Protein chains: 2
Amino acid sequence: MNNHHQHRIFIVDDHQLVIEGIRSLLADAPNYLLSGFSHLPLQVLELLDENPTDILLTDISMPLMSGIELTRLVKKKFPSIKIIAISMHSEGVVIKEMVDAGISGYILKNTGRAELIEALDRVRSGGTYFGEEITREILNSFTARDQEQKLTNREIEIIKLINEEYGNKQISSKLFISERTVETHRKNIFRKTNTQSVVGLLKYAAQHKFI
Amino acid sequence: MNNHHQHRIFIVDDHQLVIEGIRSLLADAPNYLLSGFSHLPLQVLELLDENPTDILLTDISMPLMSGIELTRLVKKKFPSIKIIAISMHSEGVVIKEMVDAGISGYILKNTGRAELIEALDRVRSGGTYFGEEITREILNSFTARDQEQKLTNREIEIIKLINEEYGNKQISSKLFISERTVETHRKNIFRKTNTQSVVGLLKYAAQHKFI
DNA sequence: AGTTCATCAGCTATAATTACCTATTTTTTC
DNA sequence: GAAAAAATAGGTAATTATAGCTGATGAACT
């Protein structure tokens, strides 16, 4: 972690081209050295054993294991590794989860060289880095989130069934409850999520990773 | 297009890191030269005017304009430019459309250096390149697609409005047509897409890149 | 023991969607 | 210019979803 040695970066992304992109950006940055990379989050813990790393750059949406889970696992086993999330779009609602999981920064895939290096510099010196767009999202989601109401398991179950194109009647017989009850749940769901239509609800659910 | 000169590559992708990735891969390939890049599909036509290009690499899912639309426009204005699509996942259902629009190849973002160069080599010599995974998808979708019916522009317009949570009444007043007409369109859409509910329809639409 | 919360269930009424049907006008294509 | 495709619009009925109420039960927490 001293300033005079090279900081070792490990990259996790299921897209080879993104790995190559970061790699090429790092090639011009003498302070940083690639310690390894992988497109399979499942094998990252092992690889980190063999390849000492200071900063881990990880994608969020990956098959088999999300960046959030990976962050938790890595932080548990290697608490000193700093983690920066890389994402396609700024997904406001999941950022809080990522922060809770222990990330030190969050950058978008449309980031250029300057911003990437800036993020790495900040994080390696013990700070954090969240781009402008991200910061705005965080602020938005904090204010929005305070008045948000938690959905119960049953409600989420019903959202999933709605997403699978079941109607109220079908849901009621599938769950062995009355159609009235399903309607009540639906009503409460709409109220809690502050949505008006099934379409809006499912978008909300997708954003919040319920489905 | 001769073998002795460098082939000029233009890259379009809304993610800077992907552009960098391809760029770094090309840097090691003496036969290829970057003629330009852009993360805004809308400005590509202009840029191609100023930067003669042999092969265009374009993302499919981009904001403001999809890779499909871009392909059509580029092919119209510069018929000699070969186009290779780059995509996140192998999206079987849109590949045929891309082929119709005029692409010569299709690669995934988890492509490595070897496959990228292979694709470029094939395409610049007048051939095509579709990876193994893609080829399989194409075969699959050909059987399914034969009985599929094309949606009209108006129908797609209406799907988009449904996706934006407009009801029939609102759609009718937004498009200055009768509610009956909207219902007719809806009916035809459901029939053509072989879907039963709004939820199913929007999933179909998302898969087929209408929205 | 009391409180909160999730789940369940009913009622009435309105609004919206979907399924049938037919038919005209406009635009595109050959 | 004829034929085909797309967009337009109407009606009637049945089904489904949503809004606005009330209220009972059991489990968990304090």
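Residues numbered from 1 in each chain as written. Chains lettered and ligands numbered in written order. Predicted model: local features only at pLDDT ≥ 70, side-chain atom pairs only at ≥ 80, totals over all residues. Heavy atoms only, no water.

Caption draft 1: Inspection of the domain arrangement of chain A at higher detail. Domain parsing of chain A yields domain 1 (7-144) and domain 2 (153-207). Taking only C-alpha atoms, the centre of domain 1 of chain A and the centre of domain 2 of chain A are 35 Å apart. (Domains from an automatic or database assignment.)

Caption draft 2: Region of the structure containing the confidence of the model for chain A. On average, residues of chain A score 86 in pLDDT, and 91% of them are at 70 or above. Across chain A, strand β1 (residues 7-12) of chain A holds the top mean pLDDT of 95, while helix α6 (residues 132-146) of chain A sits lowest at 68. (pLDDT = per-residue confidence, 0-100. Helix = DSSP H or I, 4+ residues; strand = E, 2+ residues; numbered from the N terminus.)

Caption draft 3: Structural context of the interface of chain A and chain B. With 27 residues of chain A at the contact, the number on the chain B side is 27 residues. Roughly 2200 Å² of surface becomes buried between chain A and chain B when both sides are summed, with 67% attributable to carbon and sulfur atoms. Across the chain A-chain B interface, the total number found is zero salt bridges. Counting across the interface, chain A meets chain B through eight residue pairs in polar contact (both at pLDDT 80 or more). Ranked by the residues each element gives to the side of chain A that touches chain B, the list is headed by helix α1 (residues 16-27) of chain A, at eight residues. Among the residues forming the side of chain A that touches chain B, the class breakdown is 11 nonpolar, 10 polar and six charged. (Contact = heavy atoms within 4.5 Å. Buried area = accessible area lost by both parts, 1.4 Å probe. Salt bridge = Lys/Arg side-chain N within 4 Å of Asp/Glu carboxyl O. Polar contact = N/O pair within 3.5 Å; in protein donor to acceptor, adjacent residues only side chain to side chain. Nonpolar A, V, L, I, M, F, W, Y, C, P; charged D, E, K, R; others polar.)

Caption draft 4: Broad picture of the nonpolar core. Judged by nonpolar contacts, the single largest core of 42 residues is most densely connected at A:Ile22, A:Leu57, A:Leu120, B:Ile22, B:Leu57 and B:Leu120. Counting residues in each nonpolar core, the second largest holds 24 residues, with B:Phe10, B:Leu56, B:Ile81 and B:Ala101 among its members. (Core = buried A, V, L, I, M, F, W, Y, C linked by side-chain atoms within 4.5 Å. Buried < 20%, exposed > 50% of the residue type's maximum accessible area, 1.4 Å probe, protein only.)

Caption draft 5: The pairing of strand β3 (residues 55-59) of chain A, seen in detail. Residues and elements named next belong to chain A. Of all the five residues making up β3, five are buried; the element is thus mostly covered by neighbouring parts of the structure. Of the two faces of β3, the one holding Ile-55, Leu-57 and Asp-59 and the one holding Leu-56 and Thr-58 are both buried throughout. Sheet topology places β1 next to β3; four bridges connect them, and they run parallel. Looking at β3, one finds that Phe-10 is bridged to Leu-56. Direction of pairing for β3 relative to strand β4 (residues 82-87): parallel, over a ladder of five bridges. Note that in β4 the partner of Leu-56 across the bridge is Ile-83. For the crossover that starts at β3, traverses helix α3 (residues 67-77) and ends in the parallel β4, the hand is right-handed. (Pairing = 2+ DSSP bridges. Right-handed = clockwise from strand over helix to strand, strands pointing away.)

Caption draft 6: Structural detail: the side chain of B:Ser87. Residue and element names in this part refer to chain B. Note on placement: Ser-87 falls in strand β4 (residues 82-87). Assessed through its relative accessible area of 1%, Ser-87 is described here as buried. Discounting chain neighbours no more than four positions away, the residues touching Ser-87 are Asp-59, Ile-60, Tyr-106, Ile-107, Leu-108 and Lys-109.

Caption draft 7: Highlighting the protein's contact with DNA strand C. With respect to spatial proximity, 17 residues lie near DNA strand C, and among them A:Thr152, A:Arg154, A:Ser178, B:Arg186 and B:Lys187 are the closest. Here A:Thr152 contributes a side-chain N or O atom positioned 2.3 Å from a phosphate oxygen of DNA strand C. A distance of 3.5 Å is found between a phosphate oxygen of DNA strand C and a side-chain nitrogen or oxygen belonging to B:Lys169. Among the elements of the structure, α9 (179-193) of chain A together with α8 (168-175) and α9 (179-193) of chain B are those that each provide at least two residues to the surface near DNA strand C. (Near = heavy atom within 4 Å.)

Caption draft 8: Quick look at the packing of helix α7 (residues 153-163) of chain A against helix α10 (residues 198-207) of chain A. All names here are of chain A. Viewed as axis vectors pointing N to C, α7 and α10 meet at an angle of 115°, and their least axial separation amounts to 10 Å. Judged by the sense of rotation from one axis to the other, the crossing of α7 with α10 is left-handed. Contact residues: Ile-159, Ile-162 and Asn-163 in α7; Val-198, Leu-201, Leu-202 and Ala-205 in α10. Partitioned by chemical class, the residues of the contact of α7 with α10 number six nonpolar, one polar and no charged. (Axes fitted to C-alpha atoms, helices over the stretch in contact; angles between N-to-C directions. Left-handed = near helix turned anticlockwise from the far one by under 90°.)

Caption draft 9: How the structure looks around the relation of the copies chain A and chain B. Superposing chain A onto chain B takes a rotation of 179° combined with a translation of 0.2 Å along the rotation axis, leaving an RMSD of 2.9 Å. Taken together, the rotation and translation relating the two chain copies correspond to the operation of a two-fold axis. Within chain A, A:Gly21 has its C-alpha nearest the rotation axis, a separation of 1.6 Å. The residues that chain A uses at the interface reappear at the interface of chain B in 100% of cases, marking a shared surface. (Least-squares fit on C-alpha atoms with pLDDT ≥ 70 in both.)

Caption draft 10: The protein's contact with DNA strand D, seen in detail. Surrounding DNA strand D, one finds 17 residues, the nearest of these being A:Arg186, A:Lys187, B:Thr152, B:Arg154 and B:Ser178. Counted by atom, the contact set of DNA strand D within 4 Å of the protein is 60% sugar and phosphate. Here a phosphate oxygen of DNA strand D and a side-chain polar atom of B:Thr152 are 2.2 Å apart. A distance of 3.0 Å is found between a phosphate oxygen of DNA strand D and a side-chain nitrogen or oxygen belonging to B:His185. Residues belonging to the surface near DNA strand D are distributed by class as follows: three nonpolar, eight polar and six charged.

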